[in-house]
Amino acid sequence: MTTATGADLAPKQYAWEIEADDLTVRVGRNRMAVDGLSLALGTGTHGLLGPNGAGKTTLIRALATVLRPAGGELRLFGSSVRDRADQRETRRRIGYLPQEFGYYKRFTVREFVEYMAWLKEVPKRDVPGAVQRAVERVGLADRADERMKALSGGMVRRVGIAQAIVNDPAVLLLDEPTVGLDPAQRLRFRELLQQLGRDTCVVVSTHLVEDVAAACSDVVLFAAGRLVFQGTPAELAAAGSEDQPGDSPLERGYSALLDSSAGKGAW
């Protein structure tokens with residue numbers, strides 16, 4: 001049984017969960033980390049690829065309403081993120097896992113995910129069931145009553161994923177979620193992403209092309225703050241050639257598009 005949240009109850013009156021129009025986001029005073037981005041994302045699992053320093057984390061933070069746009073327009077669920085009146089409701093409908101997240105080491109896994117459910121204003125009566133489902137989905141049901149300080153780095157990362165999904169978000173933002181996961185955990189996580197993408201807009205920032213190939217229906221390639229490519233994994237693979245660096249067609253397509261954007265502008 002799925003918890004009824006604001007995302008479930010509110011009628012959908014927008015074409016896309018995420019819409020960016022000529023979006024710019026600054027880091028510090030001078031660096032434009034997102035520069036003139038226009039993009040629309042709906043239900044599905046979207047892999048956000050790009051080299052280090054491309055602006056992926058800045059974009060994820062802007063989508064999470066942590067950073068305010070410097071220019072252009074960003075709409076979530078049809079509402080501008082500049083509209084502070086709607087911001088609280090917008091945040092209720094988002095799940096967010098940053099690259100590094102803070103937690104109370106003395107909390108158990110269950111207590112921490114419960115606390116995050118409370119912060120996200122999940123109805124009190126729904127919290128126990130929502131927490132149990134989230135913990136089970138990341139494979140930590142047998143560790144739910146262990147303290148966070150006793151967990152390995154990979155387990156802590158899985159708790160981070162659990163807190164991101166505990167409110168059944170309509171938009172799920174995951175920044176490098178597979179860092180610290182072992183190969184078996186990554187395989188299970190890819191399956192979870194596929195499940196979530198059936199009725200959620202999932203944006204996964206990663207530098208691992210193989211994760212995108214296995215779990216994502218859509219690829220967004222980002223470089224120097226600009227959109228380089230958006231399409232399916234098959235279309236990304238088709239953009240490469242045998243003489244490009246890479247161990248797979250996807251990696252060769254990734255290399256070819258980055259080379260093209262660096263030398264000739266966006267593909």
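These numbers were taken from a predicted model, which means no experiment stands behind them.

> Quick question: what am I supposed to make of the overall build of the chain here?
For the chain, the helix and strand inventory stands at 10 helices and 10 strands. The C-alpha atoms of the chain give 18 Å as radius of gyration, which agrees with the globular expectation for 267 residues (18 Å, within 12%). Along the first, second and third principal axes, the C-alpha set of the chain runs to 55 × 45 × 35 Å. Residue burial in the chain is summarised as follows: out of 267 residues, 52% are buried. As displayed, the chain has an accessible area near 12,800 Å², and 49% of this comes from carbon and sulfur atoms. If the 34 positive side-chain charges of the chain are averaged to one point and the 34 negative ones to another, these points end up 7 Å apart.

> For this particular structure, what's the right way to read the pairing of strand 1 (residues 18–27)?
For a regular strand, the rule is simple: side chains alternate between the two faces of the sheet. As paired elements, strand 1 and strand 2 (residues 31–41) share 8 bridges and run antiparallel to each other. When the bridges of strand 2 are listed, V27 appears paired with R31. The turn linking strand 1 back onto strand 2 is made up of 3 residues, and G28 within it adopts a positive phi angle of 75 degrees. The pairing of strand 1 with strand 4 (residues 71–76) spans 5 bridges and is antiparallel. From the neighbouring strand, T24 faces strand 4, where its bridge partner is G71.

> Would you mind going over the nonpolar core with me for this structure?
In globular proteins that are soluble, nonpolar side chains generally tend to be buried together. Counting residues in hydrophobic clusters, the biggest one holds 36 residues, and the most contacted among them are V113, V159 and L174. Elements with a minimum of two residues in this core: helix 4 (109–119), helix 5 (127–137), helix 6 (153–165), strand 7 (171–175), helix 7 (183–196) and strand 8 (201–205). Element by element, the count of residues in this core is highest for helix 6, at 7 residues. The contact partners of L174, leaving out residues within four places of it in the chain, are I60, L97, A164, F189, L193, V202, V203, V204 and S205.

> I would appreciate a short explanation of helix 6 in the present structure.
In an α-helix, one full turn covers 3.6 residues, which means residues spaced three or four apart are oriented alike. Helix length check: helix 6, at 13 residues, gives a terminal C-alpha distance of 19 Å against a target of 18 Å (1.5 Å per residue), a fit within 8%. Of all the 13 residues making up helix 6, 12 are buried; the element is thus mostly covered by neighbouring parts of the structure. Among the residues of helix 6, G154, M155, V156, R157, R158, V159, G160, I161, A162, Q163, A164 and I165 are the ones counted as buried. Of the surrounding elements, those touching the buried residues of helix 6 are strand 6 (94–97), helix 4, helix 5, strand 7 and helix 7.

> Before we go on, may I ask you to explain the packing of helix 6 against helix 7 in this structure?
Helix packing geometry: the angle between the two helix axes and the distance between the axes. Relative to each other, helix 6 and helix 7 sit at 10 degrees, their axes nearing to 12 Å. Between helix 6 and helix 7, the interaxial angle falls into the category roughly parallel. Where helix 6 abuts helix 7, its residues G154, R158, I161 and I165 lie against Q185, F189, L192 and L196. Residues belonging to the contact of helix 6 with helix 7 are distributed by class as follows: 5 nonpolar, 2 polar and 1 charged.

Criteria and thresholds
- Residues numbered from 1 in each chain as written.
- Predicted model: local features only at pLDDT ≥ 70, side-chain atom pairs only at ≥ 80, totals over all residues.
- Heavy atoms only, no water.
- Helix = DSSP H or I, 4+ residues; strand = E, 2+ residues; numbered from the N terminus.
- Rg over C-alpha atoms; globule rule 2.2 N^0.38 Å.
- Buried < 20%, exposed > 50% of the residue type's maximum accessible area, 1.4 Å probe, protein only.
- Areas by Shrake-Rupley, 256 points an atom, 1.4 Å probe, with all protein chains shown as cover.
- Lys, Arg positive; Asp, Glu negative; His and termini not counted.
- Charge placed at Lys NZ, Arg CZ, Asp CG, Glu CD.
- Pairing = 2+ DSSP bridges.
- Core = buried A, V, L, I, M, F, W, Y, C linked by side-chain atoms within 4.5 Å.
- Contact = heavy atoms within 4.5 Å.
- Expected span 1.5 Å × (residues − 1).
- Axes fitted to C-alpha atoms, helices over the stretch in contact; angles between N-to-C directions.
- Parallel < 35°, antiparallel > 145°, perpendicular 65-115°, else oblique.
- Nonpolar A, V, L, I, M, F, W, Y, C, P; charged D, E, K, R; others polar.

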